[in-house]
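# Structure at a glance
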There are 2 protein chains.
Amino acid sequence: MKLEFWFEFGSTYSYPSAMRVESLAANKNIEVVWRSFLLGPIFKDQGWNNSPFNLYPAKGKYMWRDLERICEEQNIPFKRPSVFPRNGLLAARIACFYADADWLPKFVQSVYQGNFAHDLDISNTDLIADCLENLNLDSSHIIEEASSEQSKALLREQTERAIELELFGAPMFVIGKERFWGNDRLEAAIKWAEKQGSLPK
Amino acid sequence: MKLEFWFEFGSTYSYPSAMRVESLAANKNIEVVWRSFLLGPIFKDQGWNNSPFNLYPAKGKYMWRDLERICEEQNIPFKRPSVFPRNGLLAARIACFYADADWLPKFVQSVYQGNFAHDLDISNTDLIADCLENLNLDSSHIIEEASSEQSKALLREQTERAIELELFGAPMFVIGKERFWGNDRLEAAIKWAEKQGSLPK
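Residues numbered from 1 in each chain as written. Chains lettered and ligands numbered in written order. Predicted model: local features only at pLDDT ≥ 70, side-chain atom pairs only at ≥ 80, totals over all residues. Heavy atoms only, no water.

## Observations regarding the packing of aromatic side chains
What describes a pair of aromatic rings is the distance from one ring centre to the other and the angle between the planes of the rings. Under the defined criterion, the tally for this structure stands at 48 aromatic pairs over all chains. Between Arg69(A) and the ring centre of Phe180(B), over which it is positioned, the NZ or CZ distance is 3.7 Å. (Phe/Tyr/Trp six-rings, centres within 6.5 Å; stacked < 30°, edge-to-face > 60°. Lys NZ or Arg CZ within 6 Å of the ring centre and 35° of its normal.)

## Focus: the relation of the copies chain A and chain B
The operation relating chain A to chain B is a screw motion whose rotation component is 180°, with 0.0 Å of axial translation and a residual RMSD of 0.0 Å. Taken together, the rotation and translation describe the operation of a two-fold axis. The position closest to the rotation axis in chain A is occupied by the C-alpha of Asp184(A), lying 3.2 Å away. The residues that chain A uses at the interface reappear at the interface of chain B in 100% of cases, marking a shared surface. (Least-squares fit on C-alpha atoms with pLDDT ≥ 70 in both. Contact = heavy atoms within 4.5 Å.)

## As for the interface of chain A and chain B
Taken residue by residue, the interface counts 22 residues in chain A and 22 residues in chain B. Counting the surface lost from both chain A and chain B, the interface buries some 2,400 Å², and carbon and sulfur atoms represent 50% of this. In this assembly, chain A and chain B are joined by 10 salt bridges. Between Arg65(B) and Glu178(A) there is a salt bridge; the shortest N-O distance is 2.8 Å. Summed over the shared surface of chain A and chain B, the number is 16 residue pairs in polar contact (both at pLDDT 80 or more). Looking at which element gives the most residues to the side of chain A that touches chain B, the answer is helix H4 (residues 57–74) of chain A, with 9 residues. Here the side of chain A that touches chain B is composed, by residue class, of 9 nonpolar, 1 polar and 12 charged. (Buried area = accessible area lost by both parts, 1.4 Å probe. Salt bridge = Lys/Arg side-chain N within 4 Å of Asp/Glu carboxyl O. Polar contact = N/O pair within 3.5 Å; in protein donor to acceptor, adjacent residues only side chain to side chain. Helix = DSSP H or I, 4+ residues; strand = E, 2+ residues; numbered from the N terminus. Nonpolar A, V, L, I, M, F, W, Y, C, P; charged D, E, K, R; others polar.)

## Overview of the pattern of salt bridges
All names here are of chain B. If you walk through the whole model with that rule in mind, you get 26 salt bridges over all chains. Here Glu-194 and Lys-28 are joined by a salt bridge, their closest N and O atoms 3.9 Å apart. On the criterion of sequence distance, the pair formed by Glu-194 in helix H10 (residues 186–198) and Lys-28 in the loop between helix H1 (14–27) and strand E2 (31–36) is long-range, its members being 166 residues apart. On the basis of relative accessible area, Lys-28 is assigned to the partly exposed category, the value being 40%. (Buried < 20%, exposed > 50% of the residue type's maximum accessible area, 1.4 Å probe, protein only.)

## So, the layout of surface pockets
Counted as a void, the second largest pocket has a volume near 1,000 Å³. Contributing to the lining of the second largest pocket are 31 residues, with Asp184(A), Glu187(A), Asp184(B), Arg185(B) and Glu187(B) lying nearest its centre. For the lining of the second largest pocket, the elements supplying multiple residues, two or more each, are H4 and helix H10 (186–198) of chain A together with helix H4 (57–74) and H10 of chain B. Here the lining of the second largest pocket is built from residues that sort into 8 nonpolar, 4 polar and 19 charged. (1 Å grid on protein atoms, 1.4 Å probe; cavity = no way out; pocket = protein on both sides within 12 Å on 5 of 7 lines; lining within 4 Å. Points joined across faces, edges and corners; volume = space filled by probe spheres on them.)

## Topic: the nonpolar core
Membership of the largest hydrophobic core comes to 138 residues, with the highest contact counts inside it found for Ile94(A), Phe107(A), Ile94(B) and Phe107(B). Those residues within four positions of Phe107(B) in sequence are excluded, and the remaining contacts are Ala91(B), Ile94(B), Ile128(B), Cys131(B), Leu132(B) and Leu135(B). (Core = buried A, V, L, I, M, F, W, Y, C linked by side-chain atoms within 4.5 Å.)

## Examining the sheet that holds strand E2 (residues 31–36) of chain A
Residues and elements named next belong to chain A. Across the sheet, 4 strands lie side by side as E2-E1-E3-E4; this open sheet has mixed pairing. Across the chains shown, the open sheet's two edge strands, defined by having one partner strand only, are E2 and strand E4 (178–181). Averaged over all pairs of adjacent strands, the angle between their axes in this sheet comes to 25°, without regard to strand direction. The pairing of strand E3 (residues 172–175) with E4 spans 4 bridges and is classified as antiparallel. Following the sheet pairing, Phe-173 is matched in E4 by Phe-180. (Pairing = 2+ DSSP bridges. Axes fitted to C-alpha atoms, helices over the stretch in contact; angles between N-to-C directions.)

## Considering the side chain of Ser36(A)
By secondary structure assignment, the location of Ser36(A) is in strand E2. Within the structure, Ser36(A) has its side chain in polar contact with the backbone oxygen of Ala92(A) (distance 3.0 Å).

## Describing helix H9 (residues 149–164) of chain B
Residues and elements named next belong to chain B. When the terminal C-alpha atoms of H9 are compared, their 22 Å separation across 16 residues agrees well with the 22 Å that a helix rising 1.5 Å per residue should span. Along H9, the residues that are buried comprise Ser-151, Leu-155, Gln-158, Thr-159 and Ala-162. An end-on view of H9 places all buried positions within 100° of arc, on one side of the element. Within H9, the exposed residues directed more than 90 degrees away from the buried face are Glu-149, Gln-150, Arg-156, Glu-157 and Glu-164. Looking at the buried side of H9, the elements it contacts are strand E1 (2–7), E2, helix H2 (40–45), helix H5 (89–97) and helix H8 (139–146). Residue Glu-166 follows H9 closely and has a positive phi angle near 55°. (Expected span 1.5 Å × (residues − 1). Arc of directions from axis to C-beta.)

The quantities given are spatial measurements derived from coordinates; they are silent on function.
Structure, rendered in structure tokens:
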């Protein structure tokens, strides 16, 4: 069975999901397909020019405390970023262009930790290069490829696909026609994928 | 330990929570305090004159499917209401005025089932009277008391208190200063209450 993990680098609740989706899925023999997309155009369609967590301060205040608790529970580092949301365009292009690379999950996790554990500027090309080099990768080559017209088109198409799938937020877990929204629905998504996998074909 | 369960009768995800909060909490020796409030004034403060599930159709479509799955998982009946959100004002006044009555949880559950399992009009006084009479209660007396100026003021005050607590949605679980939002955070709220109960005073 396959579970599509749709994530956006600026999305807060995508961080704890990115850190645990692989191990949870592997335990159940489920393959994770990493799907990077942009929430900006989707929020714009809903009339928002900013994150709803900034537009609705009570919701935002709650989310930061909730995220802090979740990270504590998951035993992953957390530091509230001084800029929110950060622009993850380059990272998203890399994650989309190199979706099938074996190093991709580790790269994605490294960018999330940059943003939400170390308060680093993930819109900065040097930071993204560091994340790649720490994985012993050729950062110049990867960044050049990810900045090509072909790569830009790929991410645009993937974001279009997210709109077709009616993905209105992140993280979103997709199994066939079923969608599960939010880090706290990951267990339900895994359970669903497991159930589908055991049904007669 | 006490866990405050803040709910609104029109709120979809409050339904599965209302059906399970008591048994989950009782297992851990946690007392549930039932807190009825109105989301309307809170949504209005956020610039919404309707449920966000109606204002944002993609989110709404997702929610109905998600709720269906959750009810299946919890083994409780579900039928999508033909009117949404329904006006639960009278039920909320009763739930607020009689918050400490031993029949209150059963009444609340019965109204939720009317709305989300049987597609009944919970804004109708006769339906609310039925819910009370099925519990062998004096419906005329209760409805009269709940419609008094004192009762109306109580619900207004409780909704004011919800605003002070920055409750921006329902269900919301409150333990001291901690808030947990949504049916899918109930387990985390119970765990939190348990942890607090075991800390040295």
